[in-house]
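# Chain and residue survey
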Number of protein chains: 2
Amino acid sequence: MLVVAAPAVPIVDTVQYSPEIVSLSGNCMSEASADAAPAVRARSGGRAGKRAGASSAFEQPPFRRLKRPFPPTPIVSEDQLEAIHLASLRVLSEIGLDVLHEDARRIMKEAGADVREGSERVRFDPAMILETIATAPSEFRVHARNADHSIDFGGDNLVFAQVASAPNCSDLDRGRRPGNQQDFRNLVKLAQMHNVISATGGYPVEPIDLHPSIRHLECIRDLATLTDKVFHIYSLGRERNLDGIEIARIANGLTADQLLDNPVCYTIINTNSPLKLDIPMMEGIIQMSSHGQLVIVTPFTLAGAMAPVTVAGAVVQQNAEALAGIAFTQMVRKGAPVGYGGFTSNVDMKSGAPAFGTPEYMKAQLLGGQLARRYGIPYRTSNTCAANAVDAQAAYESVFSLWGAVQGGGNFVLHSAGWLEGGLRASYEKTILDIDLLQMVTEFLSPLDLSEDALAVEAIRDVGPGGHFFGTQHTQDRYKTAFYAPILSDWRNFETWAEAGSPTAVEKANRVWKERLASYEAPAMDPARREELDAFVDRRVAEGGAPTDF
Amino acid sequence: MLVVAAPAVPIVDTVQYSPEIVSLSGNCMSEASADAAPAVRARSGGRAGKRAGASSAFEQPPFRRLKRPFPPTPIVSEDQLEAIHLASLRVLSEIGLDVLHEDARRIMKEAGADVREGSERVRFDPAMILETIATAPSEFRVHARNADHSIDFGGDNLVFAQVASAPNCSDLDRGRRPGNQQDFRNLVKLAQMHNVISATGGYPVEPIDLHPSIRHLECIRDLATLTDKVFHIYSLGRERNLDGIEIARIANGLTADQLLDNPVCYTIINTNSPLKLDIPMMEGIIQMSSHGQLVIVTPFTLAGAMAPVTVAGAVVQQNAEALAGIAFTQMVRKGAPVGYGGFTSNVDMKSGAPAFGTPEYMKAQLLGGQLARRYGIPYRTSNTCAANAVDAQAAYESVFSLWGAVQGGGNFVLHSAGWLEGGLRASYEKTILDIDLLQMVTEFLSPLDLSEDALAVEAIRDVGPGGHFFGTQHTQDRYKTAFYAPILSDWRNFETWAEAGSPTAVEKANRVWKERLASYEAPAMDPARREELDAFVDRRVAEGGAPTDF
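What counts and how
Residues numbered from 1 in each chain as written. Chains lettered and ligands numbered in written order. Predicted model: local features only at pLDDT ≥ 70, side-chain atom pairs only at ≥ 80, totals over all residues. Heavy atoms only, no water. Helix = DSSP H or I, 4+ residues; strand = E, 2+ residues; numbered from the N terminus. Buried < 20%, exposed > 50% of the residue type's maximum accessible area, 1.4 Å probe, protein only. Contact = heavy atoms within 4.5 Å. Areas by Shrake-Rupley, 256 points an atom, 1.4 Å probe, with all protein chains shown as cover. Pairing = 2+ DSSP bridges. Domains from an automatic or database assignment. Buried area = accessible area lost by both parts, 1.4 Å probe. Salt bridge = Lys/Arg side-chain N within 4 Å of Asp/Glu carboxyl O. Axes fitted to C-alpha atoms, helices over the stretch in contact; angles between N-to-C directions. 1 Å grid on protein atoms, 1.4 Å probe; cavity = no way out; pocket = protein on both sides within 12 Å on 5 of 7 lines; lining within 4 Å. Points joined across faces, edges and corners; volume = space filled by probe spheres on them. Nonpolar A, V, L, I, M, F, W, Y, C, P; charged D, E, K, R; others polar. Arc of directions from axis to C-beta. Core = buried A, V, L, I, M, F, W, Y, C linked by side-chain atoms within 4.5 Å. Least-squares fit on C-alpha atoms with pLDDT ≥ 70 in both. Expected span 1.5 Å × (residues − 1). Phe/Tyr/Trp six-rings, centres within 6.5 Å; stacked < 30°, edge-to-face > 60°.

### With respect to the overall build of chain A
A count of helical and extended segments in chain A gives 22 helices and 20 strands. Burial analysis of chain A (550 residues in total) assigns 64% to the buried set. Summarising the internal contacts of chain A: among those between residues at least 6 apart in sequence, 76% fall at separations of at least 24. About 18000 Å² of surface is accessible on chain A, with carbon and sulfur atoms providing 51% of the total.

Okay, structure coming up:
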């Protein structure tokens, strides 16, 4: 077994480039450079030279706990919603799910489910399901090690988490490649640096240069130290789950007892649609819920593939699977924090490939939100696209996804920054594009100033018919902060823009991520906590982590 | 004065290319070609060879009268809305507007407005304004010469109209250029061919090769014959207004009396913000409203330029100006059809250039809709962007605009297909992108199928845990029409897409508009009506149209 030693100084606050960049992009970048590459520094007007910390190296809106200021949009009537709900309950009681985890079946049986000897099939009585999920909290705080970055889940709260689980990553310079630790860390740093990203979502890209036995240890250590935001733990078996929870406990300075009532990390449980709950999932719920940590149950119900070809049918199945998983969290521990995840989309019927950010996806987002609200469970959805490039398609599929997320009453938007190619790729440029989109959505959702001054009747009187407001005191007092200043939008007139080489949004995004990443600084961490965390991870790595047979 | 003779055969149903294309694109296109250019035909797999008419030459969703199936999203509380309303009334009563048209001032005075001898300033009593606008209808049909294409304005109806009034146009082959008749006609044909575009919006691009004296005659003849959809008449003085109304009357086969209760065309009245109503605008309202035709009053209130720098203040001013214009339509003719137009956006405070599709724009869209609903007046908004290229920026600004339009309760979305560069350019590729976006929005707004069959409990039972739905009868019966088939979205996997040359959405749009335009066929028209229309236009052209002094 390959054991990759933990680096002596795991926090690297400069951008490092692999030798490939030099040959691919022709830029004068050097892996040995102790700072950002000269080519980048030259273009950034000296900004990369500023080492004043993440929050002051570039302008951005502050971290905030965003709330949706208006009611979500219902897509079906109450009667129609009830029909979907009842159909899901029929699936649970008449068809049931296959539960592969023996101990989980035992817990379900004790809770009143119909479990028969010698069969993995579990059927759930509708009344029992509804009674069981009733103990799930409808709104709660998930604590970050920096309390300022703790997030609220449920109600009108809206949290944006970074892309997760992409096997590949890409940028304009180096193209598409399998994930590695360098890219993993770079993307995690970008999540830390940007206030609009409230949490990381897992591994933004899978670092395949880390052996699977110790990958979770190195990655979760990075998530807990390169960021001070809430992070995710993959449910990959008991040993890894417990490692992850322990790292989160140490990073947050809590005792095991305190952990029980203070969620500090979360896991996504994707059911094996249709109607199957496998061993790692059930193990994940058992470990996370019994420790009081957040579980988000998200069926992966692609209409036409793992779910019926109709949106309504796919959501019926999504809802049945979600209810089963959510109920199980409450069987493990009453009151354990849990989220309802919706991920229903359609497939390209020509190729079977998943499609995202489609009208069907938006409908499923709204419908999923309506169901989650019916049960009083916080709702998770996503910012998705199927595009292969950061082009118009990537943008429209993402904004459609955000439209569905916001109007659907989404509380937690996973994959909100960086997702490309149906989740097969984390893109540096898409990360910047998404950050801009999320900041715009945040501004859209910020309450309007309706003070007497903002209504501006006196300013209108002062200017009068035929005048203009450019130079007025009312404008002078406000113009610097009056409007959201976008990262990418190019508002120059055509001639100036053409003279500048007709840059598109993705080209600007390429420049921005390099400039910004160069100014990354690790968030402060209590040295004792850091020492305890490193001691734990280093020991577990030395032990071989969670052994695999390859 | 240059008089351009009406062409003997004004309807050309093939794509014509100017000689520049050949040199610019290197394609083997010939202006003399009687059909689509060979290069295009080869790529389209023979589709361009089909001459079976617009609706069958390519697949698209049918023409429909779209209705928003859920309530619009309020952005402020009822109390807050009232505060904005009252601030607008204070502007109208305490500050007033300058009305440059003498006869309009007389009409206003007769209706009870405060008009003083020797002054252009007109002040409006709040009660009088509210009483006057109360006669405006809240929902009505605007008739197209093809009754199947008539549109409903107001209520939950949602109509998409083409881009209007761009001075320039562009496509990927020929780049950006001032508008001309050829491009004008091509864009109008694209509007006719696509069912999701319910109406044209004016001149999609200004044909500057037509002399202004007769431009309105040639253009409106084209709008009335190359399309059978509702069209717009620019308010450019009494003579042109009456020419336009007469062409619309003839095209629709109505008598002057019938016209009074049957709107068949519309005009957009942009106030000269701040607080000024000029002579052509007032003349436009007088002619259109007295003939029972639709007037959409749209203040052009850019926050920070022609309106206060705060969104709330800009909307207070927008609302005051809109109310004054709307009231004037009812003073001219009680019950005349009228729309409330919102166009408030912000400016780039660095350059003063208008910004579009911004968070501020979306807020103004929602707020404008809430005000329009308060008054029971149909609401017009737009699909805008400030991008210079059909890139990610163009896409996200447009989808944000559509988000604001739909959730804001927009009834009529002008500039919905083709707008680029803050309205300075109509783009062929953006037209196709927007058509795709509009079709996606339409699909999103289409009611979900919630039949027993669609809920699919039996299909879920048949497949059972661990199966898949690809080959099931339930899927087979539905897969062809289950999901919206996008025009541009490229859902191929990365490898296949890369092998195909990594095409972006805009490149595909370039191919699509050429293929589709090549299949244009003029809509049928009663020969007698056509003869009467040509006789009228030819006579007016021979008379010199509306003489100008240049």
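More follows now that the structure is in view.
### As for the pairing of strand S13 (residues 294-297) of chain A
All names here are of chain A. Side chains Leu294 and Ile296 of S13 all project onto a buried face; the interleaved residues Val295 and Val297 project onto the opposite face, where all are buried too. Pairing of strand S11 (residues 265-269) with S13 involves four bridges; the strand directions are parallel. What sits directly across from Thr267, in S13, is Val295. Sheet analysis places S13 next to strand S15 (residues 338-341), joined by three bridges and oriented parallel. Considered in S15, the bridge of Val295 is made with Val338.

### Focus on the domain arrangement of chain A
Taken domain by domain, chain A holds domain 1 (66-445) and domain 2 (452-481). Put simply, the middle of domain 1 of chain A and the middle of domain 2 of chain A, counted by C-alpha atoms, are 46 Å apart.

### Points about the interface of chain B and chain A
Counting residues at the interface gives 112 residues for chain B and 112 residues for chain A. Interface of chain B and chain A: buried area, both sides summed, is about 9400 Å²; carbon and sulfur atoms make up 73% of it. A per-residue breakdown of the area chain B buries against chain A is headed by B:Trp403, B:Phe483 and B:Trp491, which together make up 9% of the total. The interface formed by chain B and chain A holds 10 salt bridges in total. Between A:Arg90 and B:Glu458 there is a salt bridge, and its shortest N-O distance comes to 3.2 Å.

### Regarding the sheet that holds strand S20 (residues 425-427) of chain B
In a beta sheet, neighbouring strands pair by backbone hydrogen bonds and run either parallel or antiparallel. Residues and elements named next belong to chain B. Strands sit in the order S9-S8-S20-S19 across an open sheet of four strands; the sheet is mixed. Edge strands, defined here as strands with exactly one partner in the open sheet, are strand S9 (175-178) and strand S19 (419-420). Two strands pair when backbone bridges link them, and strand S8 (residues 168-171) and S9 are joined in this way by four bridges, in the antiparallel orientation. Bridge assignment links Asp171 to a residue of S9, and that residue is Gly175. The sheet contacts of helix H15 (residues 428-445) involve S8, S9, S19 and S20, and relative to S20 the element is tilted by about 65°.

### Structural notes on the layout of surface pockets
In this structure, the second largest pocket occupies an estimated 1500 Å³ of space. Around the second largest pocket, the lining comprises 46 residues; the ones closest to its centre are A:Lys350, B:Tyr484, B:Ala485, B:Pro486 and B:Ile487. Counting residues per element, the lining of the second largest pocket draws most heavily on helix H21 (residues 505-517) of chain B, which supplies seven residues. Its residues placed into classes, the lining of the second largest pocket shows 20 nonpolar, 11 polar and 15 charged.

### Details of the environment of B:Leu371
Residue and element names in this part refer to chain B. Mapped onto the elements of the fold, Leu371 is located in helix H13 (residues 359-375). By relative accessible area, which is 0% here, Leu371 ends up buried. On a C-alpha basis, the gap between Leu371 and Tyr340 in space is 9.0 Å, while along the polypeptide they are 31 residues apart. Apart from the residues lying within four places of it in its own chain, the contact partners of Leu371 are Leu81, Ile84, His85, Val315, Asn319 and Tyr340.

### Thoughts on helix H6 (residues 126-133) of chain B
Residues and elements named next belong to chain B. Among all positions in H6, only Met128, Ile129, Thr132 and Ile133 are buried. Looking straight down H6, one finds that the buried residues subtend no more than 120° of arc, so they occupy a single side. Looking at the packing, one finds that the buried side of H6 touches helix H4 (78-95), helix H12 (311-332) and H13.

### A look at the nonpolar core
Counting residues in hydrophobic clusters, the biggest one holds 302 residues, and the most contacted among them are A:Met108, A:Phe124, A:Trp403, B:Met108, B:Phe124 and B:Trp403. Dropping the residues within four chain positions of it, A:Trp403 is found in contact with A:Met362, A:Gly408, B:Val399, B:Leu402, B:Trp403, B:Val406, B:Gln407, B:Val441 and B:Phe444.

### Some words on the relation of the copies chain B and chain A
When chain B is fitted to chain A, the residual RMSD is 0.0 Å, and the transformation amounts to a turn of 180° plus an axial shift of 0.0 Å. These values place the two chain copies in the arrangement generated by a two-fold rotation axis. No C-alpha of chain B lies nearer the rotation axis than that of B:Ala392, which sits 2.0 Å from it. Looking at chain B, 100% of its interface residues are interface residues in chain A too, so the copies touch through the same face.

### Things to note about helix H12 (residues 311-332) of chain A
Between its first and last C-alpha, H12(A) extends 31 Å over 22 residues, near the 32 Å set by a 1.5 Å rise per residue. Burial analysis of H12(A) places 21 of its 22 residues in the buried class, which makes it a mostly covered element.

### Digging into the sheet that holds strand S12 (residues 276-277) of chain A
Residue and element names in this part refer to chain A. Here we have four strands laid out as an open sheet, ordered S3-S4-S2-S12, and mixed in their pairing. Edge strands, defined here as strands with exactly one partner in the open sheet, are strand S3 (114-115) and S12. For strand S2 (residues 97-99) and S12, the ladder comprises two bridges, and the chain directions are parallel. Residue pairing in the sheet places Asp98 in a bridge with Lys276 of S12.

### Re the pattern of salt bridges
Following the criterion strictly, the structure yields 74 salt bridges over all chains and no others. Residue B:Glu421 is joined to B:Arg176 by a salt bridge in which the shortest nitrogen-to-oxygen separation is 2.7 Å. Note that B:Glu421 is positioned in the loop between S19 and S20 and B:Arg176 in strand S9, a separation of 245 residues in sequence. Several salt bridges converge on common partners, so that one network encompasses A:Arg90, A:Glu94, B:Glu452, B:Glu458 and B:Arg461.

### Topic: the packing of aromatic side chains
Per the counting criterion, the structure on display carries 34 aromatic pairs over all chains. Plain terms: the ring middles of B:Tyr428 and B:Trp513 are 4.2 Å apart, the flat faces sit at 40° to each other, and that makes the pair tilted. Here B:Tyr428 is found in helix H15, whereas its partner B:Trp513 is found in helix H21, with 85 residues between them in sequence. Look at B:Tyr428 and you get buried, because its relative accessible area is 0%. Ring centres of B:Phe494 and B:Trp497 lie 5.7 Å apart, and the angle between their planes is 45°; this geometry places the pair in the tilted category. Taken together, the residues span about one helical turn, with B:Phe494 and B:Trp497 both in helix H20 (residues 494-499) at a distance of three residues. Accessibility assignment for this pair places B:Phe494 and B:Trp497 in one class, buried. An aromatic cluster of three or more residues is present, and its members are A:Phe70, A:Phe400, A:Trp403, A:Phe444, B:Phe70, B:Tyr396, B:Phe400, B:Trp403 and B:Phe444.

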